Amino acid sequence: NKNNDLKVLGMSATPVINNLYEGKTMIELITGKSYDDIETEPNVPNCMKVYQQLAIIGTRWLPEYDIQFHTKEISINVDEYLDEIKEKVTKKNVLALEQILTKAKIPTIIENLSKKTIIYTHLVTGIVDVLREEITKAGYSVAQYTGEDKTGLKEFIEGDADVLIGSSSISTGVDGLQHVCQKIIVNILPWT
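Think of each chain on its own: its residues are numbered from 1, step by step along the sequence as written. Restriction of local features to residues with pLDDT of at least 70 applies here, the model being predicted, together with a cutoff of 80 or more for giving and counting side-chain atom pairs; totals for whole chains, interfaces and linings are based on all residues. Values shown for side chains rest on all heavy atoms present in the structure; no hydrogens or waters enter the calculation.

### Side note on the side chain of Thr108
Comment: elements are numbered from the N terminus, with helices defined as DSSP H or I runs of at least four residues and strands as E runs of at least two. Position of Thr108 among the secondary structure elements: in helix H4 (residues 94-111). Here a residue-residue contact requires only that any non-hydrogen atoms of the pair lie within 4.5 Å. The contact partners of Thr108, leaving out residues within four places of it in the chain, are Ile74 and Ile76.

Structural data, given as structure tokens:
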């Protein structure tokens with residue numbers, strides 16, 4: 001209030017849209033105003049309010065990376081699993097659904113494997129063990145980097161492991177993969 005020349009620069013390296021409280025407090029810090037109309041419950045309207053305010057007061061730097069990125073989407077027919085899905089999956093049981101869908105995806109995953117491939121699976125219970133078993137049967141060596149078992153990273157980067165099964169633990173702050181791996185197969189993305 002006493003310094004009319006005061007300027008505030010707020011910086012964030014995290015995607016504030018995943019945590020609306022961080023976005024709201026950053027807006028309030030930068031502007032010096034209270035934004036009681038911005039709620040922090042994660043939903044689309046609230047995300048849009050935070051985004052709009054950040055777009056008004058901020059800039060976003062997007063570096064140009066010297067990489068090429070190719071996406072290959074593959075449709076998988078799960079007709080043979082429909083009865084099992086109807087029997088075992090309830091409205092709130094996403095894990096049971098993904099366990100069944102993983103079984104349906106395994107032949108396509110194995111068909112698209114090559115050495116030094118990462119398989120990302122957001123959910124792990126009853127999924128990682130099935131993936132590991134089937135990929136090993138197909139003749140590949142498998143390492144793991146999940147919340148429960150992070151032992152496979154070094155083996156994959158420096159050793160002989162052909163495939164690395166990773167969960168959300170591998171999605172932030174893990175370096176070295178880019179030097180040995182050029183392919184990722186997504187089994188399960190985060191539902192959010």
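### Digging into the pattern of salt bridges
Throughout this description, the term salt bridge denotes a Lys or Arg side-chain nitrogen within 4 Å of a carboxyl oxygen of Asp or Glu. Per the stated rule, a full pass over the model turns up 6 salt bridges. Residue Glu84 pairs with Lys88 through a salt bridge whose shortest N-O separation is 3.2 Å. Taken together, the positions of Glu84 and Lys88, both in helix H3 (residues 82-88) and 4 residues apart, correspond to about one turn of that helix. Judged by relative accessible area, Lys88 falls into the partly exposed class, the value being 44%. Where Lys137 meets Glu133, a salt bridge forms, and the shortest distance between an N and an O atom there is 3.5 Å. In this pair, Lys137 and Glu133 are both assigned in helix H5 (residues 128-137), 4 residues apart and thus about one turn of the helix distant. Buried means the residue's accessible area, taken with a 1.4 Å probe over protein chains only, is under 20% of the maximum for its type, while exposed means over 50%, and partly exposed covers the values in between. Residue class for Lys137 comes out exposed when judged on its relative accessible area of 59%. Three or more residues are tied together by salt bridges with common partners; here these are Glu84, Lys88 and Lys103.

### What to know about the packing of helix H1 (residues 20-31) against helix H2 (residues 44-57)
The contact between H1 and H2 brings their axes to 10 Å, and the two run at 35°. Here H1 and H2 pass one another in a crossing that is left-handed. Across the interface between the two elements, Leu20, Gly23, Ile27, Ile30 and Thr31 of H1 pack against Asn46, Cys47, Val50, Gln53, Leu54 and Ile57 of H2. When the residues that make up the contact of H1 with H2 are grouped by side-chain class, the tally is 7 nonpolar, 4 polar and no charged. Axis lines are fitted to C-alpha atoms, over the contacting stretch for helices. Their N-to-C directions set the angle, which ranges from 0 to 180 degrees. Crossing handedness follows the turn of the near helix against the far one: under a right angle anticlockwise gives a left-handed crossing, and clockwise gives a right-handed one. Side-chain classes are defined by residue name, with Ala, Val, Leu, Ile, Met, Phe, Trp, Tyr, Cys and Pro counting as nonpolar, Asp, Glu, Lys and Arg as charged, and the others, Gly among them, as polar.

### Examining the nonpolar core
The tendency in soluble globular proteins is for nonpolar side chains to be buried as a group. Within the largest apolar cluster, 14 residues are counted, with the highest numbers of intra-cluster contacts made by Leu113, Ile119, Leu131, Ile135, Val163 and Ile165. Elements supplying a minimum of two residues to this core: H4, H5, strand S3 (163-166) and strand S4 (183-188). If you tally residues by element for this core, the top one is H5, at 3 residues. Excluding residues that lie within four positions of it along the chain, Ile165 makes contacts with Ile119, Thr121, Val128, Leu131, Arg132, Ile135, Val142, Ala143, Gln144, Tyr145 and Thr146. In plain words, nonpolar cores are sets of buried Ala, Val, Leu, Ile, Met, Phe, Trp, Tyr and Cys residues tied together by side-chain atoms within 4.5 Å.

### Thoughts on the pairing of strand S1 (residues 117-121)
Taking burial as the measure, the 5 residues of S1 include 5 buried ones, the bulk of the element. Both faces of S1 are covered, namely the face carrying Thr117, Ile119 and Thr121 and the face carrying Ile118 and Tyr120. In this description, strands pair whenever DSSP reports at least two bridges between them. Strand direction decides the pairing type here: S1 and S3, joined by 4 bridges, are parallel. For Ile118, the partnering residue across the bridge sits in S3 and is Leu164. Here 5 bridges tie S1 to S4, and the two strands are oriented parallel to one another. Each residue of the ladder has a partner; that of Thr117, found in S4, is Lys183.

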